[in-house]
Amino acid sequence: MLDRFEFSPEERDVVLQLIAIHLEMSAALRRDIFDAETVRAFSAIVGSPEMLRMLALMTYADVKAVHTDSLTPWKAENLWRLYIATLKPSRSQFG
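Overview of the structure.

1. Some points on the layout of surface pockets
Thinking step 1. When its volume is computed, the largest pocket comes out at roughly 170 Å³.
Thinking step 2. Only helix H4 (49-66) and helix H5 (73-87) provide two or more residues apiece to the lining of the largest pocket.
Thinking step 3. A class-by-class count of the residues in the lining of the largest pocket yields five nonpolar, two polar and three charged.

2. Notes on the environment of Leu57
Thinking step 1. Looking at where Leu57 falls in the secondary structure, it is placed in helix H4.
Thinking step 2. According to the relative accessible area criterion, Leu57 is exposed, its value standing at 59%.
Thinking step 3. Sequence separation of Leu57 and Glu37 is 20 residues, and the distance between their C-alpha atoms is 23 Å.

Calculation rules
Along each chain, residues carry numbers from 1 onward, in the same order as the chain's sequence is written. Totals for whole chains, interfaces and linings use all residues, but because this is a predicted model, local features are given only for residues with pLDDT of at least 70 and pairs of side-chain atoms are given and counted only at 80 or more. Side-chain measures were taken over the full set of non-hydrogen atoms in the model, leaving aside hydrogen atoms and water. The way it works is a 1 Å grid over only the protein atoms, where trapped points that fit a 1.4 Å probe form a cavity and open points with protein on both sides within 12 Å along at least five of seven lines form a pocket, and then any residue with an atom within 4 Å of a point lines it. Grid points are joined across faces, edges and corners, and a volume is the space filled by probe spheres set on the points. Helix and strand definitions follow DSSP, with helices as H or I runs of at least four residues and strands as E runs of at least two, each counted in order from the N terminus. Just so you know the grouping, Ala, Val, Leu, Ile, Met, Phe, Trp, Tyr, Cys and Pro go in nonpolar, Asp, Glu, Lys and Arg go in charged, and all remaining residues, Gly too, go in polar. Only protein chains enter the calculation, and the probe is 1.4 Å; a residue is then buried if its accessible area is under 20% of its type maximum, exposed if over 50%, and partly exposed in between.

Here you go:
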C-alpha cells in the first residue's frame, strides 16, 4: 500500500511507527494519567510532539470507529488530558 501511495522513505517510517504504537495511548488511558511517571513513560514511547499529535488523532478515530458509544465524554476528556500532559516539558521525555 505504501508503494501504491508513493510514500517517501520518511513517510513510510512514520506510518510504520504509528502502526507499531497505535495502542499505546489507549493503554496509557488505563493507567493514572495524572502520574508524572506514567506520562514520562508514554512520551518516551511516542518520541516526539509530532508523533503524539498523529497518535492522538489516530487513537480518537480508532476508539470512535469501534462503536458510536465507545468514545464517551469522559474518555475523550482523558485523551485530551493525556495529550496536554505529554506536551508539558516538565512531564515528558521530548527533547
